[in-house]
Amino acid sequence: MKNIVVGILAHVDSGKTTLSEAMLYQTGKIRKLGRVDHQDTYLDTDSQEKDRGITIFSKQAELVYDDLHIALLDTPGHVDFGTEMERTLQVLDYAILVINGMDGVQSHTETLWRLLEKYNIPVFIFVNKMDMTGYDRDSLMDNIRQRLGDGCVDLAGENSDEHIAMCDEDMLEKFLETGENTESDVVGAIAARKLFPCYFGSALRDDGVDDLLRGMNRYIIEPKRMDGFGARVFKIGRDDKGERLTYIKITGGSLRLKDILLLKDSKGNESQEKINQIRVYSGARYDMVDEVSAGRVCAIPGLVNTYGRQGIGVCPDGELPSLEPVLSYKVMYPTDVDAVTMVSKLRQLEEEDPQLQVQWNEAAGEIYIKVMGQVQLEVVAQLVRDRFGIAITYGQGRISYKETIVAPVMGVGHFEPLRHYAEVHLLLEPMENGSGMCFDSICSEDVLDKNWQRLILTHLQEREFRGVLTGSPITDMKITITAGRAHQKHTEGGDFRQATYRAVRQGLMMAESVLLEPVYAFKIEVPQEYAGRVLADIVKMSGSMDGQEISGEATIITGHAPVYTMREYYSELTAFSRGTGRLQVDIDGYQPCHNTEEVLAERHYDPELDRFNPSSSVFCAHGAGYLVDWYDVYENMHVKEDPGFEISGQLGYTEDGDVTDIPVNRPGKSVSDMSITDEELSEIFARTFGGDYKDKDVALNGRFRRTTSEYKVNGQYNKSQSRDRQPGNGPLVGSRPADRGIATPGAFKRRKSGEDYVIVDGYNVIFAWDTLRELSEHNIDSARGKLMDILSNYQGYMNCHLIVVFDGYKVKDNKGERFPYDDIEVVYTKEGETADAHIEKLTHELARKHKVTVVTSDGLEQIVTMGQGAIRMSSRDFKAEVERVNEHLRENYLKND
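Predicted, not measured: the structure shown is a model, and the values here were computed from it.

A. Representation of the overall build of the protein chain within the structure. From N to C terminus, the protein chain includes 25 helices and 43 strands. Expressed as a percentage of the 897 residues in the protein chain, the buried residues total 54%. Look at the contacts in the protein chain between residues 6 or more apart in sequence, and 69% of them connect residues 24 or more apart.

B. Summary view of the sheet that holds strand E7 (residues 196-200). Taken together, the seven strands give an open sheet; going across it, the order is E2-E3-E1-E4-E5-E7-E6, and neighbouring strands pair in mixed fashion. The two strands at the open ends of the sheet, each matched to only one other strand, are strand E2 (59-65) and strand E6 (152-154). Neighbouring strand axes in the sheet, compared pairwise and without regard to direction, differ in orientation by 30° on average. When E6 meets E7, the two strands line up parallel, connected through three bridges. Across the sheet, the residue bridging to Val 153 is Pro 197, located in E7. Helix-sheet contacts for helix H5 (residues 137-148) involve strand E4 (94-100), strand E5 (123-128), E6 and E7, and the interaxial angle to E6 is about 165°.

C. Up close: the nonpolar core. Within the largest apolar cluster, 57 residues are counted, with the highest numbers of intra-cluster contacts made by Leu 346, Ile 369, Val 384, Ile 524, Val 534, Met 566 and Tyr 569. Beyond its immediate stretch of four places on either side in the chain, Met 566 contacts Tyr 520, Phe 522, Ile 524, Met 541, Ala 561, Leu 583 and Val 585. The next biggest cluster of nonpolar side chains, apart from the first, holds 38 residues, and it includes Ile 4, Val 153, Cys 167 and Val 186.

D. Main features of the packing of aromatic side chains. This model, assessed by the stated rule, comprises 16 aromatic pairs. Judged by centre distance (5.2 Å) and plane angle (65°), the rings of Tyr 763 and Phe 806 are edge-to-face. One end of the pair, Tyr 763, is in helix H20 (residues 762-768); the other, Phe 806, is in strand E39 (residues 801-806), and 43 residues separate them in sequence. The same class applies to Tyr 763 as to Phe 806, namely buried. Following the ring pairs from residue to residue traces out a cluster consisting of Phe 234, Tyr 247, Tyr 281 and Tyr 286. Of note, Arg 279 hangs over the ring of Tyr 286, and the distance from its end group to the ring centre comes to 4.4 Å. When the ring centre of Tyr 501 is taken as origin, the NZ or CZ atom of Arg 463, which lies over that ring, is 4.4 Å away.

E. Structural context of the state of the cysteines. The final tally for this structure, using the stated rule, is zero disulfides. Just so you know, Cys 198 is unpaired, no disulfide at all, and the nearest cysteine sulfur is the one on Cys 152, 4.9 Å from it.

F. A look at helix H14 (residues 531-540). Here H14 has its buried residues at Ala 531, Val 534, Asp 537 and Ile 538. Along the axis of H14, the buried residues cluster in a sector spanning 120°; they form a single face. In H14, the exposed positions that point more than 90 degrees away from the buried face belong to Val 539 and Lys 540. Downstream of H14 by one or two residues, Ser 542 has phi in the positive range, about 60°.

G. Spatial organisation of the side chain of Arg 87. Positionally, Arg 87 belongs in helix H3 (residues 82-89). Among the polar contacts made by the side chain of Arg 87, one reaches the side chain of Glu 84 at a distance of 2.6 Å. Those residues in contact with Arg 87, other than ones at most four positions away along the chain, are Phe 234, Glu 352, Asp 353 and Pro 354.

H. Looking closely at helix H16 (residues 569-576). The set of residues buried in H16 consists of Tyr 569, Leu 573 and Phe 576. Viewed end-on, H16 has its buried residues packed into an arc of 80°, placing them on one side of the element. Pointing more than 90 degrees away from the buried face of H16 are the exposed residues Ser 571 and Ala 575. Close packing links the buried residues of H16 with strand E28 (513-527), H14, helix H15 (563-566) and strand E31 (582-592). One or two positions beyond H16, positive phi appears at Arg 578, with a value near 55°.

I. Structural detail: the confidence of the model for the protein chain. Looking at the protein chain as a whole, its pLDDT mean stands at 83, while 85% of the residues score no less than 70. At the low end of the mean pLDDT range in the protein chain sits strand E37 (residues 703-706), at 29; at the high end sits E5, at 97. Scored below 50 in pLDDT, residues 729-754 shows 105 contacts in the model against residues more than four places distant or in partner chains.

J. The arrangement of the pattern of salt bridges in detail. Scanning the entire structure with this criterion turns up 44 salt bridges. Note that Glu 62 is salt-bridged to Arg 296, the shortest N-O span being 3.5 Å. Pair noted here: Glu 62 is in strand E2 and Arg 296 is in the loop between strand E15 (291-293) and strand E16 (297-301), with a separation of 234 residues, a long-range link. Arg 296 carries the same exposure label as Glu 62, and that label is buried.

K. Structural detail: the environment of Glu 180. As for its placement among the helices and strands, Glu 180 is situated in the loop between helix H7 (169-178) and helix H8 (183-191). Taking the C-alpha atoms as reference, Glu 180 lies 8.6 Å from Glu 162; in sequence the two are 18 residues apart. Setting aside residues up to four positions removed in sequence, Glu 180 forms contacts with Lys 174 and Phe 175.

L. The packing of helix H21 (residues 770-778) against helix H22 (residues 780-798), seen in detail. Close contact between H21 and H22 brings their axes to 6 Å; oriented N to C, the two are set at 145°. Between H21, through Leu 772, Leu 775, Ser 776 and His 778, and H22, the contact on the second element is made entirely by Ile 780, Ser 782, Ala 783, Lys 786 and Leu 787.

M. Examining the sheet that holds strand E42 (residues 851-855) more closely. A sheet is described by the order of its strands in space; here six strands give the open sequence E40-E41-E39-E38-E42-E43, paired in mixed fashion. The sheet is open, and its two edges are formed by strand E40 (817-821) and strand E43 (871-873), each paired on a single side. For this sheet the average axis-to-axis angle between neighbouring strands, irrespective of direction, equals 20°. Here strand E38 (residues 756-761) runs beside E42; their pairing, made up of five bridges, is parallel. Its bridge partner being in E42, Val 758 is matched across the sheet by Thr 853. Across the sheet, H22 lies against E38, E39, E40 and strand E41 (824-828), angled at about 165° from E39, the strand it touches most. In the packing of helix H23 (residues 835-846) onto the sheet, the strands contacted are E38, E39, E40, E41 and E42, and the crossing angle to E38 comes to about 170°.

N. Here's a closer look at unusual backbone geometry. Even without glycine at this site, Asp 206 takes up a positive phi of about 55°. Mapped onto the secondary structure, Asp 206 falls in the loop between E7 and helix H9 (209-219). Of note in the backbone geometry, Arg 578 takes a positive phi value of approximately 55° without being a glycine.

O. Main features of the pairing of strand E26 (residues 437-441). For E26 and strand E27 (residues 477-486), the ladder comprises five bridges, and the chain directions are parallel. Each residue of the ladder has a partner; that of Ser 441, found in E27, is Ile 481. Between the parallel elements E26 and E27, the chain passes through helix H12 (residues 450-461) in a crossover that is left-handed.

P. Spotlight on the environment of Glu 350. Looking at where Glu 350 falls in the secondary structure, it is placed in helix H10 (residues 339-352). Placed 114 residues apart in sequence, Glu 350 and Ile 236 show a C-alpha to C-alpha distance of 9.5 Å. Not counting residues within four places of it along the chain, the set of residues in contact with Glu 350 comprises Leu 356, Gln 357 and Val 358.

Q. Focus on a nonpolar patch on the surface. A surface patch of nonpolar side chains, about 330 Å² in accessible area, is lined by Met 166, Leu 172 and Leu 176. Within the fold, Leu 176 resides in helix H7.

R. The arrangement of the pairing of strand E18 (residues 327-332) in detail. Alignment of E18 against strand E20 (residues 366-371), held across four bridges, turns out to be antiparallel. Note that in E20 the partner of Leu 327 across the bridge is Val 371. Sheet topology places E18 next to strand E21 (residues 393-394); two bridges connect them, and they run antiparallel. In the strand pairing of E21, Met 332 is matched with Thr 393.

S. Summary view of a negative patch on the surface. Taken together, Asp 136, Asp 138, Asp 142 and Glu 158 make up a surface patch of like negative charges. Residue classification places Asp 138 among the exposed positions, given a relative accessible area of 57%.

Calculation rules
- Residues numbered from 1 in each chain as written.
- Predicted model: local features only at pLDDT ≥ 70, side-chain atom pairs only at ≥ 80, totals over all residues.
- Heavy atoms only, no water.
- Helix = DSSP H or I, 4+ residues; strand = E, 2+ residues; numbered from the N terminus.
- Buried < 20%, exposed > 50% of the residue type's maximum accessible area, 1.4 Å probe, protein only.
- Contact = heavy atoms within 4.5 Å.
- Pairing = 2+ DSSP bridges.
- Axes fitted to C-alpha atoms, helices over the stretch in contact; angles between N-to-C directions.
- Core = buried A, V, L, I, M, F, W, Y, C linked by side-chain atoms within 4.5 Å.
- Phe/Tyr/Trp six-rings, centres within 6.5 Å; stacked < 30°, edge-to-face > 60°.
- Lys NZ or Arg CZ within 6 Å of the ring centre and 35° of its normal.
- Disulfide = S-S within 2.5 Å.
- Arc of directions from axis to C-beta.
- Polar contact = N/O pair within 3.5 Å; in protein donor to acceptor, adjacent residues only side chain to side chain.
- pLDDT = per-residue confidence, 0-100.
- Salt bridge = Lys/Arg side-chain N within 4 Å of Asp/Glu carboxyl O.
- Right-handed = clockwise from strand over helix to strand, strands pointing away.
- Patch = residues over 30% accessible without salt bridge, like charges linked within 9 Å, V, L, I, M, F, W, Y side chains within 5 Å.
- Areas by Shrake-Rupley, 256 points an atom, 1.4 Å probe, with all protein chains shown as cover.
- Lys, Arg positive; Asp, Glu negative; His and termini not counted.
- Charge placed at Lys NZ, Arg CZ, Asp CG, Glu CD.

Rendered as structure tokens:
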């Protein structure tokens, strides 16, 4: 007999529990069909489930159909209990996805589909409520195939053989030769997630359910089980007497009474526990057995050191759930209840649902929990009242924000108290929205031993790092080890933990951060007379509309809106529509926050006061350790540069929106050895002088932010006006404050004559300044002359040597030219010589004895000049500096007049 674990999943109100009931009835497990509205179903046994008419907790039922033994797991369909559903996915062999025939594929259905793909679970589809729908099978199949994929096939439909064959190339070739599909090929295609059989019926009327069971019996194969004993924990619960239950699936071998389990907790600590009882649940009842074999699900009472997704024996731990709660609420409890007691009670619930994430601020005496929505809040309050006899309420809810960065940055962490040593260099790069966190190493083993690199990667993955805007978790980021250093005698494992944590934090402080907020994908159905009100509300909630359609007398509107603005909209919709409006929402990831300034003002988070997330580094001198602030770490780090780095070709963005290349630690040529082709140079000019400066919005990795002149970093800081570096708003890889590699507006002071050099990339500045660029479109000579006049005034005030270089490398037979203009020097490069190359040569010659500042927004040129020891200043920042000088001259003139 085949032992299979099958889960039933669906959007809420699709008839999932009713289908479970029909399957139990068809297999003889129950003699009478129960109904959700009659509160007598086999699996919805909890009082809250009966009252609300929804599944809250996953339940197990055992049924046998012919040669198939099924452990059926009924999962919650409501979005508020999505984490309970996702924990169950990690033990499924197959799944049944139920689709409401009246609504077709909905937003939460697509979320379930993505999760099934993530966990690689073969799927049978059952389209329910066909007795009520006005759609025919073909229309529904078109909807399913369009939203879920072409692998979905109605096995009883016309031309089904052709559709089946088209799911796999090998099957198609066989079908073209023989005109048929073999059963073994169909079985293999389903198991490989290439084919998804679709069945139609009505679970309430027990119609089509037998077809589904016959299809499952025919096409399901038992997966290959592990060699040796293995099991995975998917749920922690408690029975009616309050005894702790550990629900597990046996993935290999068998589990017997009196066996000793070797358990590892989440921190790696080992313990041994004895199996004194094995329960196989079916609904509210259970049978006690002496042994369970692979492919079966059971509950073990009395185990202490177990947790959800835990692997036992040869089975590895499962993945962390991708669905996360987005709301945080303060728990208000009676004054006669001790805070420690209250926390311990909530910790029990957290064991059963780890995503509650109970947080206790001991100093303030405040307790917070995280939830997915209002329904889950009410369920938790009822659980606490029923189980512990404590009546709790909630304070004002808070949104669970996240943070990311908009451009790559290098983070450096150094930890060197007396007789300790570690230094870590990390490249932090933004990734696509929804990517999560990714970790890698490109550090050579000649630089840092492999065992230390593995340790750094472990420390990167062992904790959730916090951002610097609000202290929220960071996401959508790749962190790569580029360099590091250990001491043969003094380095210990804990040293690299400290250095790694500080490197991440220092990088975040130097980076330009973005606050992300959760968004809902919504579907609103209202009578047509209320459609205008709904559309106005969507705009008011900072939402967007994806589509609008008329269905009979109702209008259906879909779109996205921030959770912050829409979380209480259901009550408002019900009120003005007089109960006729329907709202369905589904968490659809994170997007840049619509009200960043308000959130920052509300949170009052100061990253430099966060003692649990230090950004400073610890250095040692004269036998004593001392702290170095995050903005001075680059100056003091021991590994001054990543050896043998080359330009990666990846584009980053400097603090003023300019494009630059990111140096990474890969074997290759140094910057000074690199040759530049005409094509590469053209690409650099295109990136630097393209439409970016004309547009008000610059696209960065799928997000949009304002250009420098308009953009407020962290909602409070304008780079073009401030001299001081702010946390979360730092320079790019290798950049430092003005006296360490980056010149910022206001960084220059009036100099002594002959002390400093300023080298200006002429055409770069012309195309970066709006007034000069517009002038160049009519007459390039006038633009050059205007720039030289501006530079002459600037030089006269700054008392520096100023050289402006114009690119003439493509001018045929051009021998180059150098001449004075007032007190500045003008250079036209010769044929075949770029302005970049000439500036690099000048920098190399002058930077040995003088302070040299290069004005350009060309990314490659910036890195080259910095490698020669010069300071770089972007064209836009130079414009702000020139304007400041002109304003100062005007004020002096007015004073002397």
